Amino acid sequence: MAKLSISKSAKSDTKITFVQEKSKSLIKDFEGKIGEISVHYKGNDTIIYCGIGEKKSCNDEVLRTASANAIRRATELKREKVSIIDPKIKSKGNSQRAILTGALLAAYNFTTHLSEKPKEIKAIDLVSEISKPADLKKVKSICEGVFLARDLINGNAHDIHPQFLASTAKKIASSIPEMSCTILTEKEIDKKGLGLLKAVGQASKFPPRLVILKYTGDKNSKENKAIIGKGITFDSGGLNLKPTGSIESMRCDMSGSAAVLGTMKALSLLKPKINVTGVIAAAHSAIGSDAFFPGDVYKSYSGKTVEIRNTDAEGRLVLADAISYCQKHFSPSEIIDLATLTGAIVISLGDLSAGLFSNNDNLSKNLLNSGENTAEKLWRMPLNKSHIDAMKGDISDLRNLSKLPPRHAGSSTAAAFLNSFIEDELPWAHLDIAGTAFNERDARGEIPKYATGFGVRLLINYLLKS
Ligand code: BES
Ligand code: ZN
Ligand code: ZN
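Residues numbered from 1 in each chain as written. Chains lettered and ligands numbered in written order. Predicted model: local features only at pLDDT ≥ 70, side-chain atom pairs only at ≥ 80, totals over all residues. Heavy atoms only, no water.

**Student:** Help me out: how do you make sense of the coordination of the zinc ion (ligand 2) in this one?
**Tutor:** Six octahedrally arranged donors around a metal ideally form angles of 90 or 180 degrees; four tetrahedrally arranged donors ideally form angles of 109.5 degrees. The zinc ion (ligand 2) binds to the protein through Asp235 (OD), Asp312 (O), Asp312 (OD) and Glu314 (OE), with metal-donor distances spanning 2.0 to 2.2 Å. With six donor atoms in place around the zinc ion (ligand 2) and angles of 70 to 168° between them, the coordination shape is irregular. Site description for the zinc ion (ligand 2): donor spacing in sequence, D-x76-D-x1-E. Taken as a pair, the zinc ion (ligand 2) and the zinc ion (ligand 3) show a spacing of 3.2 Å, with Asp235 coordinating each metal. Here Asp235, found in strand E9 (residues 225-235), pairs with Glu314, found in the loop between strand E12 (305-307) and helix H8 (315-330); they are 79 residues apart in sequence, far enough to count as distant. (Donors = N, O, S within 2.8 Å, 3.2 Å for Na, K, Ca; no water. Tetrahedral: all angles 85-135°; square planar, octahedral: opposite > 155°, others 65-115°. Helix = DSSP H or I, 4+ residues; strand = E, 2+ residues; numbered from the N terminus.)

**Student:** For this particular structure, what's the right way to read helix H10 (residues 361-374)?
**Tutor:** Within an α-helix, residues lying three or four positions from one another point in the same direction, as the helix has 3.6 residues per turn. When the terminal C-alpha atoms of H10 are compared, their 20 Å separation across 14 residues agrees well with the 20 Å that a helix rising 1.5 Å per residue should span. For H10, the complete set of buried residues consists of Leu363, Ser364, Leu367, Ser370, Gly371 and Thr374. All buried residues of H10 fall inside an arc of 130° around its axis, so they share one side. Exposed side chains of H10 directed beyond 90 degrees from the buried face belong to Asp361 and Lys365. Taken together, the buried residues of H10 touch helix H1 (60-76), strand E13 (334-339), strand E14 (354-358), strand E15 (378-380), strand E17 (428-432) and helix H13 (456-464). Between the side-chain oxygen at the start of H10 and the backbone nitrogen of Asn362 there is a gap of 3.1 Å, and the oxygen is on Asn360. In the segment just after H10, Ala375 is the residue with positive phi, at about 60°. (Expected span 1.5 Å × (residues − 1). Buried < 20%, exposed > 50% of the residue type's maximum accessible area, 1.4 Å probe, protein only. Arc of directions from axis to C-beta. Contact = heavy atoms within 4.5 Å. Polar contact = N/O pair within 3.5 Å; in protein donor to acceptor, adjacent residues only side chain to side chain.)

**Student:** Where do I start with the packing of H8 against helix H12 (residues 410-419) in this structure?
**Tutor:** When two helices pack together, their arrangement is captured by the angle between the axes and the distance separating the axes. Orientation of H8 relative to H12, taken along the N-to-C sense of each, is 30°, at an axis distance of 9 Å. Taken as axis vectors, H8 and H12 run roughly parallel relative to one another. Between H8 and H12 lies a crossing of right-handed hand. Contact residues: Arg316, Leu317, Leu319, Ala320 and Ile323 in H8; Ala414, Phe417 and Leu418 in H12. In terms of residue class, the contact of H8 with H12 is made up of seven nonpolar, no polar and one charged. (Axes fitted to C-alpha atoms, helices over the stretch in contact; angles between N-to-C directions. Parallel < 35°, antiparallel > 145°, perpendicular 65-115°, else oblique. Left-handed = near helix turned anticlockwise from the far one by under 90°. Nonpolar A, V, L, I, M, F, W, Y, C, P; charged D, E, K, R; others polar.)

**Student:** Looking at this structure, how should I read the layout of surface pockets?
**Tutor:** Empty space among the atoms can be located by rolling a probe the size of a water molecule over them. One number sums up the size of the largest pocket: a volume of about 1300 Å³. Considering the residues around the largest pocket, the lining is formed by 45 residues, among which Lys242, Leu341, Thr342, Gly343 and Ala344 are closest to the centre. Broken down by secondary-structure element, the contributors of at least two residues to the lining of the largest pocket are E9, H8, helix H9 (343-349), H12 and strand E18 (438-439). Examining the composition of the lining of the largest pocket, we find that five residues originate from one element, H9, more than from any other. (1 Å grid on protein atoms, 1.4 Å probe; cavity = no way out; pocket = protein on both sides within 12 Å on 5 of 7 lines; lining within 4 Å. Points joined across faces, edges and corners; volume = space filled by probe spheres on them.)

**Student:** Got a minute to help me understand the sheet that holds E13 in this structure?
**Tutor:** Strands belonging to one sheet form pairs held by backbone hydrogen bonds; the direction of such a pair is parallel or antiparallel. Taken together, eight strands build an open sheet; the order of strands is E7-E8-E10-E9-E13-E17-E14-E15 and the sheet is mixed. Among the strands making up the open sheet, the edge pair consists of strand E7 (179-184) and E15. Shown here is a sheet whose adjacent strand axes are inclined to one another by a mean of 20°, direction ignored. Bridge count for E14 against E15 is three bridges, and the pairing is parallel. Bridge pairing in E15 places Ala354 opposite Leu378. Across the sheet, H10 is in contact with E13, E14, E15 and E17; its angle to E15 comes to roughly 155°. (Pairing = 2+ DSSP bridges.)

**Student:** Is there a simple way to explain H12 in this structure?
**Tutor:** Of all ten residues in H12, nine are buried, a share of seventy percent or more. Among the residues making up H12, those that are buried are Ser411, Ser412, Thr413, Ala414, Ala415, Ala416, Phe417, Leu418 and Asn419.

**Student:** Just checking my understanding: could you explain the site of ligand 1 for this structure?
**Tutor:** Close to ligand 1 lie 15 residues, the nearest being Lys242, Asp253, Asp312, Glu314 and Gly343. Within the side chain of Lys230, an N or O atom sits 3.2 Å from an oxygen atom of ligand 1. Lys242 places a side-chain nitrogen or oxygen 2.8 Å from an oxygen atom of ligand 1. Considered on its own, ligand 1 offers 510 Å² of accessible surface; in the complex 78% of this is hidden by protein. In the shell around ligand 1, the residues fall into four nonpolar, four polar and seven charged. (Near = heavy atom within 4 Å. Areas by Shrake-Rupley, 256 points an atom, 1.4 Å probe, with all protein chains shown as cover.)

Geometry only, nothing functional implied.
Have a look at this one:
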């Protein structure tokens, strides 16, 4: 992670300067429009001008993106140290935090497998008269969580298996006394009857794990928010094998659990006065003679039986057991799950927003708001009785594929399956991050190529209400 600081005078001769759009620009051939970037040289100094548009429309998102793009430009110029000149703009929110966050997030690149490592930004300083150490710590801690999520998602599926996710959780928990970690091994998963998690993971030499991280920052409060992540460390599709073109990115299918681990990591550094339970349902959905069969019926931890109509609809299965286990043993006051659940959400929303499905308007409103604050945008999708009915089985309680015609409302019916495991109207929201977790386009702003770490900043913003 690049070193981040706030200083009174510039530490580097590469300087990022934000420029507002005005009727008369003082810089030659530069208007200050949003997205505009231009490099100028003055003596020893390299000045990277970046446009932030008109004053009235300048907000945290504009500043975050501009700062990120400027850092990308500095990386192209092979700079290692960069100073950012504080534009002293009062944006809605916290402009310093937005600028620092954009810069730090954009300094991350996935270069593990490159024989020749490109030069990276090692130090960023924000030149400002106002220094808020608390903000600096917050930015660093949150970005550390995002980077953990990105590293886990980018890593080879052969290395980032369920046991690895479990040991990562254990490491986070052991760093502070307020956090504890419980890990169910494949034997315990079987013995306790988490039949769906068992089924999905049973063909792999990397056995499944259910991991629970419990953070108690406020012993006096009964409130306990649960965040649950899909942790399919590789989704082959199982016996309904995925075709070429769909399978290559499937090491990203644990992005939900990476977001949960990243969030718990950030909480372990920030130690806020709240209670959060993080759960990850980790399995490798493999193909082989031990694989679970399409057409067979399996029993979930809740007791509900499920007919497997398609082994590639596996995320909902592992999540169902995680949700039930969490409700029974950790009594959450609400549940938010994150999952790269459906290809259908990519058709609906592309990589521009994640799908939000919920049984609770207030929770939805707050999550939508956090998505706006962090520019990890959410869009509320329908979830109603028709979707729930479409998941009811004929020979079993439920089926894992809807009865609607093929390709009809695939994300809503997947969410409806999860909804069937939520007890007594417990406030619950499901974020389908299949389109936003893994960026196969070029890097842009704070979003790098491949793992984005989507969800960590959003969850922290929601949990900390800032
Ligand atoms: N992991 C996939 C969803 C996915 C698609 C994630 C694209 C990231 C990018 C999920 O397990 C899956 O395969 N879903 C199926 C469900 C179908 C069989 C009902 C899908 O969306 O095609
Ligand atoms: Zn699948
Ligand atoms: Zn999947």
